[in-house]
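# Inside the fold
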2 protein chains.
Amino acid sequence: MIYVCNTITRQGADMAHDHASDCPSCQEPAAAFSRHDHAHCAQDVLERADGLVAQSGARLTPVRRRVLEILLEEHRAMGAYDVLKRLAAEGYGNQPPVAYRALEFLVEQGLAHRIRRLNAFAACMHPGEAHAPAFLICRNCNIVAEAPAAAVRKALDAAADMLGFLVERSTVEALGLCPACRDQAA
Amino acid sequence: MIYVCNTITRQGADMAHDHASDCPSCQEPAAAFSRHDHAHCAQDVLERADGLVAQSGARLTPVRRRVLEILLEEHRAMGAYDVLKRLAAEGYGNQPPVAYRALEFLVEQGLAHRIRRLNAFAACMHPGEAHAPAFLICRNCNIVAEAPAAAVRKALDAAADMLGFLVERSTVEALGLCPACRDQAA
DNA sequence: GCGTTGTTGATATGATATAACGCATGGATC
DNA sequence: GATCCATGCGTTATATCATATCAACAACGC
Ligand SMILES: [Zn+2]
Ligand SMILES: [Zn+2]
Ligand SMILES: [Zn+2]
Ligand SMILES: [Zn+2]
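First things first, this report covers the structure right here in the doc. If you're wondering where the values come from, they're calculated on a predicted model, not measured in any experiment.

Residue and element names in this part refer to chain B. Estimated volume of the largest pocket: approximately 780 Å³. Those elements giving two or more residues to the lining of the largest pocket turn out to be helix H4 (96–108), strand E3 (112–115), helix H5 (150–161) and strand E7 (166–177). Examining the composition of the lining of the largest pocket, we find that seven residues originate from one element, E7, more than from any other. Among the residues forming the lining of the largest pocket, the class breakdown is ten nonpolar, five polar and ten charged.

Structure, rendered in structure tokens:
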């Protein structure tokens, strides 16, 4: 299947990763929203997730791994109950805590992100790489892309520092139009 | 009464406003978290709100105005149901839509902000001034401050633009420690 | 084996948010 | 004045998001 990838990875010190260079998400930033076979990306992320979790001493149990797979398959921000429906249909528990716990675990491990504007979760497409992404949410087609935001964080830290405020975690989310919907509107 | 003001206003082209210069929120950024008599700020904001709404053709009805007053009085981020309790106690409707509609109106008019991380709303302390603030949320004492974020938005716009994404609205929220709690922790 | 820890599943509840309907008001139009 | 229409309000009901608590069970170290 062909998807539009919600991944945006820049080649560079902060975002580089080590898998095959034919990964569409590892090309130029301008290619982030372009259509490509997402199966490769998903498979790559899963493999890296296995390694990262083992390395941290945590356990990527069946439910947790399945939730990550679902997020990768669906390839969009999903509500906890959306995930739960999928789990229930596959014989896992169908109670909210099952989904919330798995999602919380994935977020803690850096394998997924929480999109507060949507009350939803999305798989991180470059786990293990230090990053604090900004999320770009298209109001027309609902695609969610992760954008490198080192400069944004830096500006935020500076603004907070002027007031004596110490930033520990931050949320940067933008609502607007993706390239495709932007063209369509014009 | 003495409050800590959740307002941070900088004297400068983007944030200046025209009322009396003894407003604590109009002093140096470093004074943003300091204690002061908030009644002056609240009164000033209400007066400006009246003017702004009239100017835009909208109507600041009793319920809407009362919600703004409540937000200003409480001087913190409030959940919709907190506001609703206050309204109900004063004889207004006690159903969720009453509060949500008024809050939505205030946000649309730029008289209040929605803080997604807290699922809450706070009065804007400098309505009418072009601004897209970042919110600084203390994880210890829950104070919420509005910080000027022009540089942050600029960086975000630039990051999005590199991907062809057009930002229309954005959410920038930081969780951390306010100056007081930071000192206390040290 | 056996206690300890962590994971899962179930029940129940709490918290946040919106859909849909009908009525009242107030201004524009006839 | 009567009619129409747009707007706001109140209500019922429902949808969506999230957590507290307990019981069963599995993995692990001893
Ligand atoms: Zn990839
Ligand atoms: Zn789009
Ligand atoms: Zn004040
Ligand atoms: Zn504090």
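Read on, since the account is not over.
It is worth spelling out the interface of chain A and chain B at this point. Counting from both sides, the interface comprises 41 residues of chain A and, opposite them, 40 residues of chain B. Both sides together, the interface formed by chain A and chain B hides about 3,500 Å², and carbon and sulfur atoms give 60% of it. For the chain A face of the interface with chain B, the top three residues by lost area are Arg117, Leu163 and Phe165 of chain A, together amounting to 21%. Glu168 of chain B serves as the salt-bridge partner of Arg139 of chain A, at 2.5 Å between the closest nitrogen and oxygen. Where chain A packs against chain B, one counts 14 residue pairs in polar contact (both at pLDDT 80 or more). Elements represented by at least two residues in the side of chain A that touches chain B include exactly strand E5 (134–138), helix H5 (150–161), strand E7 (166–177) and helix H6 (179–185) of chain A. Sorting elements by how many residues they give to the side of chain A that touches chain B places E7 of chain A first, with twelve residues. Residue composition of the side of chain A that touches chain B, by class: 28 nonpolar, four polar and nine charged.

Taken together, 17 residues sit near DNA strand C, with Thr61, Gln95 and Arg101 of chain A together with Tyr81 and Tyr100 of chain B positioned nearest. Within 4 Å of the protein, the contacting atoms of DNA strand C are 47% sugar and phosphate, with bases supplying the remainder. With respect to DNA strand C, the side chain of Arg101 of chain A contributes an N or O atom lying 2.6 Å from a base nitrogen. Here Tyr100 of chain B contributes a side-chain N or O atom positioned 3.0 Å from a phosphate oxygen of DNA strand C. Of all the elements in the fold, those that place two or more residues in the surface near DNA strand C are helix H2 (62–74) and helix H4 (96–108) of chain A together with H4 of chain B. Tallying contributions element by element places H4 of chain B first for the surface near DNA strand C, with four residues. Here the residues of the surface near DNA strand C are counted per class, giving seven nonpolar, five polar and five charged.

Conventions adopted
- Residue positions are given per chain, counted from 1 along the sequence in the order it is written.
- Key to labels: chains lettered from A, ligands numbered from 1, both in the order written.
- In keeping with the predicted nature of the model, local features appear solely for residues at pLDDT of at least 70, side-chain atom pairs appear and are counted solely at 80 or more, and the whole-chain, interface and lining totals rest on all residues.
- Excluded from the side-chain calculation are hydrogens and water; included are all heavy atoms of the structure.
- The way it works is a 1 Å grid over only the protein atoms, where trapped points that fit a 1.4 Å probe form a cavity and open points with protein on both sides within 12 Å along at least five of seven lines form a pocket, and then any residue with an atom within 4 Å of a point lines it.
- Grid points are joined across faces, edges and corners, and a volume is the space filled by probe spheres set on the points.
- Secondary structure elements follow DSSP: runs of H or I of four or more residues count as helices, runs of E of two or more count as strands, with numbering from the N terminus.
- Residues are grouped as follows: Ala, Val, Leu, Ile, Met, Phe, Trp, Tyr, Cys and Pro are nonpolar; Asp, Glu, Lys and Arg are charged; all remaining types, including Gly, are polar.
- The contact criterion used throughout is that any non-hydrogen atoms of two residues lie within 4.5 Å.
- Summed over both partners, the accessible area lost on bringing two parts together, with a 1.4 Å probe, is the buried area.
- A pairing counts as a salt bridge when a side-chain nitrogen of Lys or Arg comes within 4 Å of a carboxyl oxygen of Asp or Glu.
- Two N or O atoms form a polar contact when they lie within 3.5 Å of each other; inside protein one atom must be a possible hydrogen donor and the other a possible acceptor, and for residues adjacent in sequence the pair counts only when both atoms belong to side chains.
- What makes a residue near a molecule or strand is one non-hydrogen atom of that residue sitting within 4 Å of it.

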